[in-house]
Amino acid sequence: MYVGKNVNRVDAYDKVTGRARYTEDLIVSNAYTAKILHSTIAHGKVISIDTTEAEKVEGVIKIITCFDVPKHGFPTAGHPWSTDPSNQDKADRRLLNEHVRYYGDDIAVVIAKDEIACKQALELIVVEYEEYETIFDPVESLKEGKIQIHEDSPNNIIGHSKNIRGNFAEAIKEDGLIVVEGWYETPIVQHCHIENHIAYAYEEAGKIVVIASTQIPHIVRRICGQALDIPWGKVRIIKPYIGGGFGNKQDALYEPLCAFLTTQVGGHPVKLESSREETFVSSRTRHSMKFHIVSYIREDGSFAARKIEIYSGNGGYASHGHSVAGKCLGCFHQLYPCENIEGDAYTVYTNLPVAGAMRGYGIPQAMFAGESHIDDIAKVLGRDPLEYRLQTIMPKGYEDGFSKNVNYEDSFRECLKVGMEAIDYNKKVEEYKNQSGNIRRGIGTAVFWYNTGVYPISLESSSCRMVLNQDGSIQVQLGETEIGQGADTAFSQMTADAVGLRLKDVHIISTQDTDVTPFGLGAYASRQTYMASFAITKTAKILRDKIIERAYQLTNVTPHNLNIVGGKIIRKTDGKEFMTLGELATRTLYRPEDSEYITAESTYTIKNNAYSFGCSFAEVEVDISLGKVKILRLINVHDCGNLINPRLAEAQVHGGMSMAIGFALSEELKFNEKGRILNNNLLDYKLSTTMDHPELEVYFIENPEPTSPFKTKSLGEPPTCSPAPAIRNAVLNATGIGVNQCPLTPHVLYPLFKEAGLIDNQLEVE
């Protein structure tokens, strides 16, 4: 059995030796280069574009403007498509945009023989704009009287959802309630994957072929067809190895535009690659959000009622639309169950870069706000924050009425107790009481809640193909994608166990090609291991049944007494080995009377979801006079069901924790008053580095998930959800100051410390 064991990544050798081929490696030498002209205003209309001088540049093939592309809009979000028009994503984007809605919007493209000619031509294009009012704040954007960024969206609202439970108005009349209120804010951040966005397109055999760095090849094919208004089958998407995505490549970004460009130059190959600066602005970002939370608490700490308002800034286009903020709102009533809730979430257009999917899909923002608020409640009540969580958090047996997810184990309390012991919580709390001076230490905790996949909101489907080779090995293809996280290795381990093979006899095909790869939805929503396991299990059974039937014909041993173990056909009763799968496959394929090529393929429609739980503990040191936070220890504890590969699981958690450190302490996109980004590069945008990391500590609680064939559930996104509020709460414990926005930079902390008198007091002591 291979599931649950530390096996080496199946792609490790090719990646470390440079054999793995990415999109850039597949581009032919005579391909044209395309470069985009981006708007230099945040909101307005393109009146004219003069390309006269640009067209004179040697090497320029063609210049295409916003006036030359199809006029219909199309959606870009990497969601399962719905045949119900009322549930389809907003089709608010064009290949190039005449009405520009953020600084950096796409308005024209130069196609040339090389990049130098492209850049020279771009500098010679003259654009005339009509400028409109700009709106950057989501709360301001939805107010009456503001200019509409999209004509069909009054008050700039993309989506609004409500969460009404019980009778909030009556509940807050209860005598003796303690009211705790707070506003919390999270910033716009970037994914910063290593490989920038890149697509390469050409026409061949009556189809447009697009090779692209994408998480969602089958979905991108559909979107390209919609954007170009052609049958979807005339588009072929190939996804090779990709250098990270984190949700940014869960959109159709420049694949539709690149597909269109090749049609404008007779099907000649065209490369469209974003620079790092362009990727910062013109791809996708994490949503900035503002939360207003009011909790009505009884003296014993129980919740009488809660009110939550969420305002999510989506930027100039809808992308994933309201689903991110909707997910945020849905977590509050589940994480800390309360009978009386009034909640509203708004997703609003602004004139900033477009927000889309990013690792955690709104839950890092929701956990920063919600878990900061829990510590604020504990402070008002004079309670220990950890003990208060143990009292109020989701209990074992809780079932959500919408998703039907069930908390089968007391996972939250198990995770919190493991983390508490690992960091020696009680000792540290006592040690850090009543501190004074400039350097102070604190300890904090936070939890997270996460679903596995998108059912029942959207379709969950996975397909798998297995082919038995003549040597007894098998090829495996899935629509689910390897994006650097180790998915192919997990799929291989599950396949080996499901069929009964040696791991080395499983050949996973990492490249997805929509002409030959079975349909799958791709990498998002921490879905892949869970969802693919259903298709792998179903397809493996079909393949096994075919193999066993052939073995019966060759051995005359009844099928119910035959098994496949380690790539061999054996008799169950005594373990007698009859033949290897290689011998069976060869004899079957070359059998004159009834030759058969043994294959299996199936699709599984998944109608389950699963809770993933966990927590973080942080120990920090705060330099009050500098407003500087140093993380001394950071611990994550996860219940993600049974681990498929413990070493890969730990690596996933390390990556998520690292992203969360940046979210907590340093990362934030900055804009000037005109909406132009100020730090669209890896020098000025402050990613966390090894210098900012403590030793990252990871623990797992392996409570088997009963809905899953391999008893596993989501892990990809959860690690990034709870470290930031744990760090914030550790700063609160150290200083007594609750910081209600992240990142916790010196620019944020110093004024708060100054206002609280901590800096003056410190100077007086000295």
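Check the entry above for the structure.
Residues numbered from 1 in each chain as written. Predicted model: local features only at pLDDT ≥ 70, side-chain atom pairs only at ≥ 80, totals over all residues. Heavy atoms only, no water.

Draft legend 1. Spotlight on the packing of helix H10 (residues 385-392) against helix H11 (residues 411-423). With their axes 10 Å apart at the nearest point, H10 and H11 run at an angle of 160 degrees to one another. If you check the angle between H10 and H11, you find them roughly antiparallel. Handedness of the crossing formed by H10 with H11: left-handed. Across from Leu386, Arg389, Leu390 and Gln391 in H10, the residues of H11 making contact are Arg413, Leu416 and Met420. For the contact of H10 with H11, the per-class residue count stands at four nonpolar, one polar and two charged. (Axes fitted to C-alpha atoms, helices over the stretch in contact; angles between N-to-C directions. Helix = DSSP H or I, 4+ residues; strand = E, 2+ residues; numbered from the N terminus. Parallel < 35°, antiparallel > 145°, perpendicular 65-115°, else oblique. Left-handed = near helix turned anticlockwise from the far one by under 90°. Contact = heavy atoms within 4.5 Å. Nonpolar A, V, L, I, M, F, W, Y, C, P; charged D, E, K, R; others polar.)

Draft legend 2. Representation of unusual backbone geometry in the model. Residue Pro456 follows Tyr455 across a cis peptide bond; omega there is 5 degrees. Tracing the backbone shows Pro456 in the loop between strand E16 (439-450) and strand E17 (461-468). A positive phi angle, near 60 degrees, is found at Asn156, a position not held by glycine. Along the chain, Asn156 falls in the loop between helix H3 (138-141) and strand E7 (157-165). One non-glycine residue, Cys192, lies in positive phi territory at about 60 degrees. Counting through the fold element by element, Cys192 comes out in the loop between strand E8 (178-186) and strand E9 (198-204).

Draft legend 3. Looking closely at the pairing of strand E2 (residues 44-50). Bridge count between E2 and strand E4 (residues 99-100): two bridges; the pairing is antiparallel. Of the residues in E4, the one forming a bridge with Gly44 is Val100. (Pairing = 2+ DSSP bridges.)

Draft legend 4. Spotlight on the state of the cysteines. Here the structure, examined in full by the defined rule, presents zero disulfides. For Cys192, which is in no disulfide, the shortest distance to another cysteine sulfur is to Cys742 and amounts to 15 Å. Take Cys258: it sits in no disulfide, and the sulfur closest to it among the cysteines is that of Cys224, at 9.0 Å. Assessed through its relative accessible area of 0%, Cys258 is described here as buried. (Disulfide = S-S within 2.5 Å. Buried < 20%, exposed > 50% of the residue type's maximum accessible area, 1.4 Å probe, protein only.)

Draft legend 5. Seen up close, the packing of aromatic side chains. All told, the structure shown has 16 aromatic pairs when counted by the stated rule. Taken together, a centroid distance of 5.1 Å and an interplanar angle of 40 degrees make the contact between Phe534 and Tyr604 tilted. One end of the pair, Phe534, is in helix H14 (residues 528-555); the other, Tyr604, is in strand E24 (residues 599-605), and 70 residues separate them in sequence. According to the relative accessible area criterion, Tyr604 is partly exposed, its value standing at 31%. (Phe/Tyr/Trp six-rings, centres within 6.5 Å; stacked < 30°, edge-to-face > 60°.)

Draft legend 6. Geometry of the pairing of E17. Of all the eight residues making up E17, eight are buried; the element is thus mostly covered by neighbouring parts of the structure. The pairing of E17 with E24 spans seven bridges and is classified as antiparallel. Bridge pairing in E24 links Cys464 to Ser602. Connecting the antiparallel pair E17 and strand E18 (residues 474-478) is a turn made up of five residues, with Gly472 showing a positive phi of about 90 degrees.

Draft legend 7. Structural view of the sheet that holds E24. Read across the sheet, four strands follow the order E19-E18-E17-E24 without closing on themselves; strand pairing throughout is mixed. Each edge of the open sheet carries a strand with a single partner, namely strand E19 (506-508) and E24. Adjacent strand axes in the sheet meet at a mean angle of 20 degrees, parallel and antiparallel pairs treated alike. Sheet topology places E17 next to E18; five bridges connect them, and they run antiparallel. Paired with Cys464 across the two strands is Leu478, which belongs to E18. On top of the sheet, helix H13 (residues 487-499) reaches E17, E18 and E19; it is set at about 145 degrees to E19, its chief contact. This element, H14, spans E17, E18 and E24 of the sheet and lies at about 145 degrees to E24.

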